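Observations on the three-dimensional arrangement
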Amino acid sequence: MKPDGSNRTQLTNNVNAGLGLSVSNADGGFVFASKRESGRGIWRTDADGLNLRQLSQGGDHSPDVSNDGTVVFHRGLGYSEGVFLISSNGGEARLLRENAQHAGPNFLPRFFPPARI
């Protein structure tokens, strides 16, 4: 999208797409959660909406991308798996923090300080 709001590109096309969105400071690309045919996962696209690719799958949502391109996200719903890290280029997700049974879910993991646009 141009600064004046013209030339918009739709990134998602289903009601389950509102599961988190983060913008990369490094290249302006988007990292977001979406439920698609392959299941719920974290996806990445370039700033122009091209080169859509899936980074993870497994009930993943609430992504946040750091300045170096690392993506943090929550896997599972409710008291489930925990907080994971993955590269914005894809690869194997790494468990950062497991959810404890009574510690409460980690639904919205974020980097601190937050990335600035």
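Residues numbered from 1 in each chain as written. Predicted model: local features only at pLDDT ≥ 70, side-chain atom pairs only at ≥ 80, totals over all residues. Heavy atoms only, no water.

Notes on the pairing of strand β5 (residues 60–65)
For β5, the buried fraction is high: six of the six residues fall into the buried class. Note: β5 against strand β6 (residues 70–75), four bridges, orientation antiparallel. Note that in β6 the partner of Asp-64 across the bridge is Val-72. Where β5 folds back onto β6 in an antiparallel hairpin, the turn is made up of four residues, including Gly-69, whose phi is positive at roughly 90°. (Buried < 20%, exposed > 50% of the residue type's maximum accessible area, 1.4 Å probe, protein only. Helix = DSSP H or I, 4+ residues; strand = E, 2+ residues; numbered from the N terminus. Pairing = 2+ DSSP bridges.)

Brief notes about the pattern of salt bridges
In the structure shown here, the tally under the stated rule is three salt bridges. Asp-46 is the partner of Arg-44 in a salt bridge, and the nearest nitrogen-oxygen pair spans 3.6 Å. Where Arg-75 meets Asp-60, a salt bridge forms, and the shortest distance between an N and an O atom there is 2.7 Å. With Arg-75 in strand β6 and Asp-60 in strand β5, the pair connects residues that are 15 residues apart, well separated along the chain. Through salt bridges with shared partners, a single ionic network connects Asp-27, Arg-44 and Asp-46. (Salt bridge = Lys/Arg side-chain N within 4 Å of Asp/Glu carboxyl O.)

Overview of the packing of aromatic side chains
By the definition in use, this model includes one aromatic pair. Judged by centre distance (5.9 Å) and plane angle (15°), the rings of Phe-73 and Phe-84 are stacked. With Phe-73 in strand β6 and Phe-84 in strand β7 (residues 82–87), the pair connects residues that are 11 residues apart, well separated along the chain. Taking relative accessible area as the criterion, Phe-84 reaches 7% and is therefore assigned buried. Over the aromatic face of Phe-84 sits the side chain of Arg-75, whose NZ or CZ is 4.6 Å from the ring centroid. (Phe/Tyr/Trp six-rings, centres within 6.5 Å; stacked < 30°, edge-to-face > 60°. Lys NZ or Arg CZ within 6 Å of the ring centre and 35° of its normal.)

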